[in-house]
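# Geometric and topological summary
Listed below, chain by chain, are the residues.
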Amino acid sequence: MIRSLTKAEEQIMQALWKLERAYLKNIIEALPDPKPHSNTVATILKILVDKGFVGIHVHGRLHEYHALVSKEMYSSNSIRTLVEGYFSGSFSEAVSFMLKQKDLKIKDLELLLQQLKNKK
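This text gives an overview of the structure that appears in the document. (Residues numbered from 1 in each chain as written. Predicted model: local features only at pLDDT ≥ 70, side-chain atom pairs only at ≥ 80, totals over all residues. Heavy atoms only, no water.)

### Quick notes on unusual backbone geometry
- A cis amide bond, omega -5 degrees, links Asp-33 with the succeeding residue Pro-34.
- When you line up the elements, Pro-34 lands in the loop between α2 (24-30) and α3 (38-51).
- Even without a glycine there, the phi angle at Glu-20 is positive, about 75 degrees.
- Note on placement: Glu-20 falls in the loop between α1 (7-19) and β1 (21-23). (Helix = DSSP H or I, 4+ residues; strand = E, 2+ residues; numbered from the N terminus.)

### Quick look at the pattern of salt bridges
- Using the criterion set out here, one finds five salt bridges in the structure.
- Between Glu-29 and Lys-25 there is a salt bridge, with its nearest N and O atoms 3.9 Å apart. Residue Glu-29 and its partner Lys-25 are both found in helix α2; the two are separated by four residues, about one turn of the helix.
- With its nearest N and O atoms 3.1 Å apart, the salt bridge here joins Lys-46 to Asp-50. (Salt bridge = Lys/Arg side-chain N within 4 Å of Asp/Glu carboxyl O.)

### As for the packing of α1 against α3
- At a minimum axis separation of 10 Å, α1 and α3 run at an interaxial angle of 90 degrees. By the angle between their axes, α1 is roughly perpendicular relative to α3. Contacts between α1 and α3 involve Ala-8, Glu-9, Ile-12 and Met-13 from the former and Val-41, Ile-44, Leu-45, Ile-47, Leu-48 and Lys-51 from the latter.
- Taken together, the residues of the contact of α1 with α3 sort by class into eight nonpolar, no polar and two charged. (Axes fitted to C-alpha atoms, helices over the stretch in contact; angles between N-to-C directions. Parallel < 35°, antiparallel > 145°, perpendicular 65-115°, else oblique. Contact = heavy atoms within 4.5 Å. Nonpolar A, V, L, I, M, F, W, Y, C, P; charged D, E, K, R; others polar.)

By themselves, these figures tell us nothing about what the structure is for.
What follows is the structure, encoded as structure tokens:
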């Protein structure tokens, strides 16, 4: 099971997933304003390395970072954890909840059903 990330860690990962490989400077540039201090980003990257989410290639004094956990893998795990924690593991209960909250439109549900039919 993949460990969960803090919001700050997720923000760094979102930038890294988008960039694929990047140096600290590139990651900071990819973050939304207000941009965190480079020391903050470097500390979060070290934490992500320790957690096994990010790998490093050393080029002299520069560190090039890359994701070890794909966005798809992390997203899948996060959704599964959410459904297990709040909907007793039932994806149909989660979808029903979204319909009641009007977060999911009938058109979206029809598109999902079509995708499921095409998957068979």
